Protein chains: 2
Amino acid sequence: MKNCRITELDIEKVGEFLELPPSKISELIEKGNLKRNWDEYYDIYRFQGHAPHMEDGTVLIDHHGNFELVRGFPKIKRAMLLEPALLKNFGDISSVAVEEKMNGYNVRVIEFRGKLIAFTRSGHVCPYSTERVQNFLGPDFFRENPDLVVYGEMTGPENPYVQKEAYGIESLDIFVFDIRHKNTGEALPVNQRRELAEKYEFNQVRLFGNFNINSASSKITEIIKELGKKGREGVVIKDPAMVLQPVKYTCSESNCSDLRQAFKFYNEAGRDYLYSRVIREGFQSHEWNESEEDFRERCMRLGESILNPMKKTIGQVESGERIAEEFCIRVKNKETIFKFRDYLNRFGLYVALGEIERRGDEYVAEIKKVNKSTNDKTLAMLEGQLWS
Amino acid sequence: MKNCRITELDIEKVGEFLELPPSKISELIEKGNLKRNWDEYYDIYRFQGHAPHMEDGTVLIDHHGNFELVRGFPKIKRAMLLEPALLKNFGDISSVAVEEKMNGYNVRVIEFRGKLIAFTRSGHVCPYSTERVQNFLGPDFFRENPDLVVYGEMTGPENPYVQKEAYGIESLDIFVFDIRHKNTGEALPVNQRRELAEKYEFNQVRLFGNFNINSASSKITEIIKELGKKGREGVVIKDPAMVLQPVKYTCSESNCSDLRQAFKFYNEAGRDYLYSRVIREGFQSHEWNESEEDFRERCMRLGESILNPMKKTIGQVESGERIAEEFCIRVKNKETIFKFRDYLNRFGLYVALGEIERRGDEYVAEIKKVNKSTNDKTLAMLEGQLWS
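Let me begin by describing the structure that accompanies this report. (Residues numbered from 1 in each chain as written. Chains lettered and ligands numbered in written order. Predicted model: local features only at pLDDT ≥ 70, side-chain atom pairs only at ≥ 80, totals over all residues. Heavy atoms only, no water.)

## Here's the deal with the overall build of chain A
Looking only at helices and strands, chain A has twelve helices and 16 strands in total. In terms of C-alpha radius of gyration, chain A reaches 23 Å, essentially the compact-globule figure of 21 Å for 388 residues. In terms of overall dimensions, chain A has a C-alpha envelope of 65 × 60 × 50 Å along the principal axes. The buried share of chain A, reckoned over its 388 residues, is 57%. (Helix = DSSP H or I, 4+ residues; strand = E, 2+ residues; numbered from the N terminus. Rg over C-alpha atoms; globule rule 2.2 N^0.38 Å. Buried < 20%, exposed > 50% of the residue type's maximum accessible area, 1.4 Å probe, protein only.)

## Notes on the sheet that holds strand β5 (residues 77-78) of chain A
All names here are of chain A. In spatial order, the strands read β5-β13-β12-β6-β11; together these five strands make up an open sheet with mixed pairing. At either end of the open sheet lies a strand with only one pairing partner, and these are β5 and β11 (207-212). One ladder, built from two bridges, connects β5 with strand β13 (residues 247-250); its direction is parallel. When the sheet's bridge partners are listed, Lys77 is paired in β13 with Val247. Where helix α7 (residues 216-229) meets the sheet, it contacts β6 (95-101), β11, β12 (234-238) and β13, and its direction lies at approximately 155° from that of β12. On top of the sheet, helix α9 (residues 271-288) reaches β5 and β13; it is set at about 85° to β13, its chief contact. (Pairing = 2+ DSSP bridges. Contact = heavy atoms within 4.5 Å. Axes fitted to C-alpha atoms, helices over the stretch in contact; angles between N-to-C directions.)

## Comments concerning the relation of the copies chain A and chain B
Superposing chain A onto chain B takes a rotation of 180° plus a shift of 0.0 Å along the axis, which leaves an RMSD of 0.0 Å. Expressed as a symmetry operation, the mapping of one chain copy onto the other fits a two-fold axis. The fraction of interface residues of chain A whose copies in chain B are also interface residues reaches 100%, indicating that both copies meet through the same surface. (Least-squares fit on C-alpha atoms with pLDDT ≥ 70 in both.)

## Examining the packing of helix α4 (residues 127-136) of chain A against helix α11 (residues 334-346) of chain A
All names here are of chain A. Relative orientation of the contacting elements α4 and α11 amounts to 145°, with a least axis distance of 8 Å. Contacts between α4 and α11 pair Pro127, Tyr128 and Glu131 from the former with Thr336, Lys339, Phe340 and Tyr343 from the latter. Here the contact of α4 with α11 is composed, by residue class, of four nonpolar, one polar and two charged. (Nonpolar A, V, L, I, M, F, W, Y, C, P; charged D, E, K, R; others polar.)

## Structural notes on the environment of Ile356 of chain B
All names here are of chain B. Tracing the backbone through its elements, the reader meets Ile356 in strand β15 (residues 351-359). Note: C-alpha distance between Ile356 and Ile329 (27 residues apart in sequence) is 9.6 Å. Apart from residues lying up to four places away in sequence, Ile356 is in contact with Lys334, Ile337, Phe338, Tyr363, Val364 and Ala365.

## A closer look at the state of the cysteines
Residue and element names in this part refer to chain A. Taken as a whole and judged by the stated rule, the model has zero disulfides over all chains. With no disulfide of its own, Cys299 lies closest to Cys256 among cysteine sulfurs, the gap being 10 Å. On the basis of relative accessibility, which here comes to 0%, the residue Cys299 falls in the buried class. Here Cys328 stays unpaired: no disulfide links it, and the sulfur of Cys126, its closest cysteine neighbor, is 16 Å away. The exposure class assigned to Cys328 is partly exposed, which follows from its relative accessible area of 24%. (Disulfide = S-S within 2.5 Å.)

## Considerations on the packing of helix α1 (residues 11-18) of chain A against helix α2 (residues 22-30) of chain A
Residue and element names in this part refer to chain A. Packing of α1 against α2 leaves a shortest axis separation of 8 Å and a crossing angle of 105°. By the angle class used here, α1 and α2 are roughly perpendicular. Taking contact as the criterion, the partners of Ile11, Glu12, Val14, Gly15 and Leu18 in α1 are, on α2, Pro22, Ile25, Ser26 and Ile29. (Parallel < 35°, antiparallel > 145°, perpendicular 65-115°, else oblique.)

## Details of the interface of chain A and chain B
With 51 residues of chain A at the contact, the number on the chain B side is 51 residues. Summed over both partners, the interface of chain A with chain B buries about 4,800 Å², with 76% contributed by carbon and sulfur atoms. Three residues stand out in chain A for area buried against chain B, namely Tyr275, Leu386 and Trp387 of chain A, and they jointly supply 15% of the buried area on that side. Scanning the region where chain A abuts chain B turns up two salt bridges. As a salt-bridge pair, Asp272 of chain B and Arg271 of chain A come within 3.1 Å of each other at their nearest N and O atoms. Here chain A is connected to chain B by twelve residue pairs in polar contact (both at pLDDT 80 or more). A breakdown of the residues in the side of chain A that touches chain B according to their chemical character gives 26 nonpolar, eleven polar and 14 charged. (Buried area = accessible area lost by both parts, 1.4 Å probe. Salt bridge = Lys/Arg side-chain N within 4 Å of Asp/Glu carboxyl O. Polar contact = N/O pair within 3.5 Å; in protein donor to acceptor, adjacent residues only side chain to side chain.)

## Quick notes on the pattern of salt bridges
All names here are of chain A. According to the stated counting rule, one finds 58 salt bridges over all chains in the structure shown. As a salt-bridge pair, Glu362 and Arg132 come within 3.0 Å of each other at their nearest N and O atoms. Linking Glu362 in strand β16 (residues 362-370) with Arg132 in helix α4, this pair joins segments that are 230 residues apart in sequence. Judged by its relative accessible area of 3%, Arg132 falls in the buried class.

## Concerning unusual backbone geometry
Positive phi, close to 55°, is recorded for Glu19 of chain A, a residue that is not glycine. Along the chain, Glu19 of chain A turns up in the loop between α1 and α2. Under the relative-accessibility criterion, Glu19 of chain A is labelled exposed at 71%. The phi dihedral of Arg113 of chain B falls on the positive side, at around 50°, and the residue is not glycine. Tracing the sequence through the fold places Arg113 of chain B in the loop between β7 (105-112) and β8 (115-119).

## Side note on helix α4 (residues 127-136) of chain B
Side chains three or four residues apart in an α-helix point the same way, a direct result of the helix having 3.6 residues per turn. Of all ten residues in α4 of chain B, eight are buried; the element is thus mostly enclosed. Listing the buried residues of α4 of chain B in full gives Pro127, Tyr128, Ser129, Thr130, Glu131, Arg132, Val133 and Phe136 of chain B.

## A closer look at the packing of aromatic side chains
All names here are of chain A. Under the defined criterion, the tally for this structure stands at 32 aromatic pairs over all chains. Ring centres of Tyr128 and Phe340 lie 5.8 Å apart, and the angle between their planes is 50°; this geometry places the pair in the tilted category. In this pair, Tyr128 is assigned in helix α4 and Phe340 in helix α11, connecting sequence segments 212 residues apart. With respect to class, Tyr128 is no different from Phe340; both count as buried. Between Phe141 and Phe142 the ring centres are 5.0 Å apart and the planes differ by 80°, which places this aromatic pair in the edge-to-face class. In this pair, the class of Phe141 matches that of Phe142, namely buried. Within the aromatic cluster, the residues linked to one another by ring pairs are Trp38, Tyr128, Phe340, Tyr343 and Phe347. We note Arg113 situated over the ring of Tyr42; from NZ or CZ to the ring centre the distance is 5.6 Å. (Phe/Tyr/Trp six-rings, centres within 6.5 Å; stacked < 30°, edge-to-face > 60°. Lys NZ or Arg CZ within 6 Å of the ring centre and 35° of its normal.)

## Section: the side chain of Arg330 of chain B
All names here are of chain B. Relative to the helices and strands, Arg330 is located in strand β14 (residues 324-331). By relative accessible area, Arg330 is classed as buried at 8%. In terms of polar contacts, Arg330 uses its side chain to reach the side chain of Glu158, at 2.7 Å.

## As for α1 of chain A
All names here are of chain A. Listed as buried for α1 are Val14, Gly15 and Leu18. Considered in projection along α1, the buried side chains sweep an arc of 100° and stay on one side of the axis. In α1, the exposed positions angled more than 90 degrees off the buried face are occupied by Glu12 and Glu16. If you follow the buried residues of α1, they end up packed against α2, β2 (44-47), β3 (59-63) and β4 (66-70). Looking one or two places after α1, you find Glu19, whose phi comes out positive at around 55°. (Arc of directions from axis to C-beta.)

Just geometry here; none of it tells us what the structure is for.
Here it is as structure tokens:
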């Protein structure tokens with residue numbers, strides 16, 4: 001049995017490392033706020049729920065009694081009205097760096113036992129992202145900077161989380177947006193991070209420039225309108241020194257694209273997800289002081305993003321089809337496909353593997369996730385059941 | 001002190017009346033599921049939360065140890081897809097009665113100590129509705145039918161709950177839609193109820209007709225389209241014998257009008273409120289098999305109903321105004337105004353009384369309810385705070 005090889009976490013030593021009493025560590029473990037990984041990463045733990053002073057998804061690595069933290073990615077707050085948000089949050093500095101916010105899923109990458117591993121936002125080791133990241137980032141950076149963690153957005157059409165065609169990527173790629181120190185989570189300043197990433201030939205998110213705080217709002221508005229037209233997500237506005245907290249701001253088209261995806265599975269769609277996107281549209285429309293025509297276009301875009309996918313789903317279920325999320329993953333090692341399937345199953349996301357096709361030296365696997373709740377609800381309505 | 005006059009509820013006798021053990025009655029009282037009214041209605045109790053076999057808002061009246069129940073109004077379920085819902089729910093009967101569902105608030109009326117009193121849905125005695133109902137319904141019905149309860153929709157522009165101009169009512173009026181027996185809550189058949197209401201010259205909700213089950217769906221669709229154009233709410237479809245449960249179905253325009261009202265106070269608007277209305281639009285659009293043009297009009301109506309009021313609110317707050325719900329009530333007895341204000345205060349709805357103006361032999365009072373949450377949130381965004 002694998003479990004026999006697992007040594008127990010030394011509560012005393014962890015307490016010392018985290019500067020917390022050992023009793024607190026025991027409590028975190030008991031309450032499920034500090035959890036051990038399964039399978040081969042049995043000496044990696046993650047913080048989840050409300051652990052004190054620790055971002056959700058922070059990872060604790062046990063190197064035989066020596067510890068290391070990979071801090072969770074801090075939640076970036078959102079500007080609803082761009083101009084006042086810029087002035088209030090960056091009023092004390094002269095300029096802000098504006099980088100693209102890409103639409104994918106974010107991972108943290110470190111080297112562990114001689115190979116790279118990728119943590120998801122929640123601190124799990126994703127087997128698919130881990131296999132992929134070996135191709136995207138060279139190992140030299142990590143050997144030469146063992147104290148640093150690379151934060152990047154994984155994006156492209158072939159992944160189980162967020163499939164996007166907007167970036168012209170064939171399968172999947174990573175774009176670095178942050179480099180931070182282990183343990184403290186302290187971020188490198190924007191320029192230093194970009195230079196370092198360039199030196200090691202990492203893909204990076206696009207830097208639109210450093211803008212004077214007084215002109216930033218109009219510059220960013222232009223950028224956002226252009227990004228919207230291209231189906232991209234938005235921007236993150238940063239203090240170049242990375243001392244103040246970054247702020248995000250997104251395109252209307254991206255909000256609506258989220259809704260379109262969500263309302264395909266209307267019965268799974270979160271109420272909060274709908275509400276928050278609708279609210280963003282209201283504030284942006286106000287700030288842009290839109291013409292009657294632009295406003296009508298926004299209303300149309302919003303309404304259509306909700307109703308069109310829903311209508312399509314009902315039609316499909318009526319005609320006997322079942323709706324499902326379908327995506328592909330692409331791997332070098334066929335084993336990763338099954339490992340990844342098992343990984344999703346552990347979260348209760350039961351997926352069906354479709355065809356596995358050889359492409360060059362890689363395999364492309366089709367994966368299907370059935371959204372039972374929306375299918376069942378739609379069928380019930382078609383059979384004449386009443387909404388409560 | 002008023003309280004000294006209050007006799008205790010006889011737990012044994014109540015238990016006998018409700019066919020529940022006395023210990024159960026004590027438990028209901030302890031848990032707050034059976035509550036005594038305040039002020040002059042100290043011998044009236046209401047069931048709230050989950051009392052066994054009792055609709056929410058059911059009222060228990062203690063006539064010195066003899067008891068009477070005014071059953072809460074059963075929640076009417078909604079058809080999402082009209083045709084299958086009709087066939088499934090009324091497939092065993094040959095025809096359905098279709099009555100108008102009016103947009104207001106529903107009350108139950110009985111005679112109590114020589115005058116009429118009106119209970120709200122939750123089982124409270126509303127002082128405003130109680131004063132008003134004396135003018136709308138004659139007392140003969142209640143004297144001649146002491147065993148019956150009148151269920152009606154109070155509607156018109158002058159009330160604190162739902163203000164509607166659509167019915168051409170100057171102030172407020174009541175429209176009877178149900179008559180039920182005390183204690184059992186058993187409803188009179190549609191025809192019998194309508195004849196009885198006519199005999200006593202009560203206003204009634206409109207009966208569109210009795211439709212054969214096979215043609216009902218197309219007939220109702222026509223009715224709904226017409227009602228929508230007039231800004232009215234929808235229909236309730238009933239088993240003429242009132243044995244099967246009624247089903248409601250509403251107009252797209254009414255959903256959108258709800259959203260327009262709700263998004264004026266976007267930070268108070270319930271996520272579920274938004275979601276449920278959006279979902280209705282999706283199903284109706286599917287069932288109606290709309291043309292591209294009609295679909296675009298629906299999308300536009302939905303988007304505009306959400307964004308327009310929100311945008312207006314932000315603009316108003318920016319220009320220094322504060323948004324508030326304003327309405328009027330009209331009374332014969334000036335005292336009712338203050339009594340009603342105190343009543344709202346008891347629910348934590350703090351309102352400001354505006355001008356009180358004499359009109360004929362009545363008084364019209366302006367009432368203002370400030371929506372602190374939306375005002376505060378909007379101000380915060382205008383000052384550059386970030387959304388979490």
